[in-house]
Amino acid sequence: MDKYGLYLNGEWVNSDRALTVYDKGNGEAIAEVSTIDRAGIRKAIEDAEAARSGWANQTGITRGNLLLKLADEVARRSDEIARDITLENGKPLPQSKGELGMSVDHIRWFAEEARRSYGRVVSHQTEGKRHLILKSPVGVVGAIAPWNFPLVLSLRKVAAALAAGCPVILKPASATPICAVKLAECIEAAGFPRGVFQLVVGKASEIGSEMLENPLCRKISFTGSTEIGKRLIEGAAKTCTRLSLELGGNAPLLIFADADLDKAVEGAIIAKFRNTGQSCVASNRIYVERSVFDAFVEKFVAATKALKIGYGLEEGMDIGPLIDEAGCESTLRFVEDAKAKGARVLCGGTRGDGDGAFVTPAVLVDLSEDALCMSEEIFAPVAPVIPFDTEEEVVRLANDTEYGLAAYAFTSDLNRALRLAEQLEAGTVGINESVPATSNCPFGGFKQSGWGRELGTEGMEAYLETKHVSIGGV
Ligand code: NAP
């Protein structure tokens, strides 16, 4: 079994307490990663603070060049790290490779952004005064990442914070720390100064509390559930620690009768089943205009049945295991609840074969409005499909959720597409496409899906403070 230490203040540190990591495809223990206690986290924050001004005072070009070296190193090791992601997360290898490609692109994007931290000069209103607006790094950042896209979602924080001039402490999810260890190895190989990146693994509540309560930690960037996001908001109320929150979703996907139906089926399959449905932007509810409902369902069920489920390292797999048994149980509960309230299961929705937490991809119809899967985030390969009659009705249904991370629509009517783009309450709207996230555009949620944005120019802005300098007697 592989044994990994933590990367703290430029050194690899082993502790006597370790976290065991499992192959999600077969339940076998594959690695042990050292863990840290609260005193260790405090020390990591202090070491990050010691590195802060040196890092903040580097030129953007210097920081960007180090990030470019990091991108090259991650790209060089991408086959190995993609395999690690498949083992510790379960997703099929081609999807892990896709995650690696996007991760490298994120690092390159922020490497380029590092030299573009623009302030501005504002014209004066009073004789003899001048006004400068400066941008300065926010300070030490705590980055807390989830397990579903363990590398790429860590990098949306780590690369942006480093580019902006902030030291960053990464806490990966306990289910998927190996790719974070590999990222730390790449950061070491790229030659970043000691203390500007550190990796901590341990009890989440202790790490979160220290990040919230230690005044040296100026910002927490969190991706995960809305429940934990709200706990961080409560904690931050005491210290005003800045928060960026990327939380849960309940994305609607709308298919209009004027859409290219085959493209809509293809898009719905990706939007629903990519990452085994464990995606914050997964389409939770699929609404189809009544005149094409039966035709869509027939094609969608056929495409769903054709998906291959199995061990992520085996060739040709589309669907891997869920992250754990709890995920499996909650999926089966969603299906049973919908059935009890009148739904028909057209395929799947059962426990799959194998030692991992496999569930067969499901399509549900005849859903009652109070079925739990209509209001809660499913986070599994279960697709509720619902008919609608008018655009006005479906926009109301789509927006009838406390979440607002993503929404999708398939239509060939340009005017309708523009109306939907304006009316759907979500941080990301995909029109005739189902994988809209890209390095150079902002990503984040409306309503209870979060605060702030990652990626794009906004993604670096999240790590910068704005300062007004007023100069008198000019
Ligand atoms: P989670 O349980 O909230 O965990 C996310 C991270 O928070 C993990 O690193 C976890 O550590 C840590 N954590 C748990 N309790 C904490 C605490 N008290 N203080 C500080 N950190 C704490 O979420 P998940 O189950 O990993 O991820 C699924 C959720 O994330 C879904 O709701 C999904 O929609 C959302 N998500 C959102 C986005 C987005 O961009 N908006 C992207 C991906 C996922 P441990 O693993 O050690 O418990």
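Please refer to the structure placed before this passage.
Residues numbered from 1 in each chain as written. Predicted model: local features only at pLDDT ≥ 70, side-chain atom pairs only at ≥ 80, totals over all residues. Heavy atoms only, no water.

**Q** For this particular structure, what's the right way to read the side chain of Ser154?
**A** Mapped onto the secondary structure, Ser154 falls in helix H5 (residues 150-164). Judged by relative accessible area, which is 2%, Ser154 ranks as buried. (Helix = DSSP H or I, 4+ residues; strand = E, 2+ residues; numbered from the N terminus. Buried < 20%, exposed > 50% of the residue type's maximum accessible area, 1.4 Å probe, protein only.)

**Q** Explain the pattern of salt bridges here, please?
**A** Side-chain pairs of opposite charge can arise where the charged atoms are in close proximity. Counted according to the given criterion, the structure contains 30 salt bridges. A salt bridge links Arg231 to Glu227, with the shortest nitrogen-to-oxygen separation between them at 2.9 Å. Residue Arg231 and its partner Glu227 are located together in helix H8 (residues 226-239), separated by four residues, close to a single helical turn. Judged by relative accessible area, Glu227 falls into the exposed class, the value being 52%. A salt bridge links Asp337 to Lys341; the shortest N-O distance between them is 2.6 Å. Three or more residues are tied together by salt bridges with common partners; here these are Arg77, Glu80, Asp84, Lys182 and Glu185. (Salt bridge = Lys/Arg side-chain N within 4 Å of Asp/Glu carboxyl O.)

**Q** In this structure, what is going on with the packing of helix H2 (residues 60-76) against helix H4 (residues 93-113)? I would like to understand it.
**A** Helix packing geometry: the angle between the two helix axes and the distance between the axes. Across the interface, H2 lies against H4 with an axial gap of 8 Å and an inter-helix angle of 170°. Taken together, the axes of H2 and H4 lie roughly antiparallel to each other. Of the residues in H4, those touching H2 at Gly64, Leu67, Leu68, Leu70, Ala71, Asp72, Val74 and Ala75 are Leu100, Val104, Ile107, Arg108, Phe110 and Ala111. Here the contact of H2 with H4 is built from residues that sort into eleven nonpolar, one polar and two charged. (Axes fitted to C-alpha atoms, helices over the stretch in contact; angles between N-to-C directions. Parallel < 35°, antiparallel > 145°, perpendicular 65-115°, else oblique. Contact = heavy atoms within 4.5 Å. Nonpolar A, V, L, I, M, F, W, Y, C, P; charged D, E, K, R; others polar.)

**Q** Explain H4 here, please?
**A** For an α-helix, the turn length of 3.6 residues means that residues three or four places apart are oriented alike. End to end, H4 covers 30 Å across 21 residues, agreeing with the expected 30 Å (1.5 Å per residue, within 8%). Every buried residue of H4 is listed here: Ser96, Glu99, Leu100, Ser103, Val104, His106, Ile107, Trp109, Phe110, Ala111 and Glu113. Looking at the packing, one finds that the buried side of H4 touches H2, helix H3 (78-89), H5 and helix H15 (456-461). (Expected span 1.5 Å × (residues − 1).)

**Q** Got a minute to help me understand the site of the ligand in this structure?
**A** Surveying the vicinity of the ligand reveals 27 residues, the closest of which are Ala145, Ser174, Ser225, Leu247 and Glu377. Within the side chain of Trp147, one N or O atom sits 3.0 Å away from an oxygen atom of the ligand. Interatomic distance of 2.4 Å between a side-chain N/O atom of Glu377 and an oxygen atom of the ligand. Contact with the protein chains removes 86% of the 900 Å² of surface that the ligand exposes when unbound. (Near = heavy atom within 4 Å. Polar contact = N/O pair within 3.5 Å; in protein donor to acceptor, adjacent residues only side chain to side chain. Areas by Shrake-Rupley, 256 points an atom, 1.4 Å probe, with all protein chains shown as cover.)

**Q** Teacher, can you tell me more about the packing of H3 against helix H6 (residues 178-190) here?
**A** Contact pair H3 / H6: the axes reach a minimum separation of 9 Å and the direction vectors enclose 160°. In terms of orientation, H3 lies roughly antiparallel with respect to H6. In this structure, H3 contributes Glu80, Ile81, Asp84, Ile85 and Glu88 to the contact, and H6 contributes Ile178, Cys179, Lys182 and Cys186. Among the residues making up the contact of H3 with H6, the classes are represented as five nonpolar, no polar and four charged.

**Q** Any chance you could explain the sheet that holds strand E4 (residues 18-22) here in plain terms?
**A** Hydrogen bonding along the main chain pairs the strands of a sheet, whether they run parallel or antiparallel. With mixed pairing, the three strands of this open sheet are ordered in space as E1-E5-E4. Either end of the sheet is taken by a strand with one partner, and the two such strands are strand E1 (2-4) and E4. With direction set aside, neighbouring strand axes in the sheet form an average angle of 25°. Relative to strand E5 (residues 29-34), E1 is paired through three bridges, and the arrangement is parallel. Within E5, the position partnered with Asp2 by the bridge is Ala31. Each of E1, E4 and E5 is contacted by H6, which is oriented at about 60° to E1, the strand it contacts most. (Pairing = 2+ DSSP bridges.)

**Q** Would you take a moment to explain the side chain of Glu210 for this structure?
**A** Within the secondary structure, Glu210 sits in helix H7 (residues 204-213). Under the relative-accessibility criterion, Glu210 is labelled buried at 4%. In this view, Glu210 contacts Arg38, Ile41, Arg42 and Ile45; residues no more than four positions away in its chain are not counted.

**Q** I keep staring at the sheet that holds strand E10 (residues 197-199) and nothing clicks. Help me out?
**A** The strand order E10-E9-E8-E11-E12-E22 describes an open sheet built from six strands, whose pairing is mixed. Only two strands of the sheet have a single partner each, and these edge strands are E10 and strand E22 (450-451). Pairing of strand E8 (residues 140-144) with strand E9 (residues 168-171) involves four bridges; the strand directions are parallel. Of the residues in E9, the one forming a bridge with Ile144 is Lys171. H5 contacts E8, E9, E10 and strand E11 (217-223) of the sheet and is inclined by roughly 170° relative to E9. The sheet strands contacting H8 are E11, strand E12 (242-246) and E22, and the helix crosses E12 at an angle near 170°.

**Q** Just checking my understanding: could you explain the nonpolar core for this structure?
**A** In a soluble, globular protein the nonpolar side chains are often hidden away together inside. Grouped together as the largest cluster of nonpolar side chains are 114 residues, with contacts concentrated most on Leu70, Phe192, Ile255, Ile286, Phe296, Phe300 and Val385. Each residue touching Ile255, except ones within four places of it in the same chain, is listed here: Leu261, Ala264, Ile286, Tyr287, Val288, Glu289, Phe296, Phe388 and Phe410. Tyr287, Ala357, Leu364 and Ala407 belong to the second-largest nonpolar core, a separate cluster that totals 31 residues. (Core = buried A, V, L, I, M, F, W, Y, C linked by side-chain atoms within 4.5 Å.)

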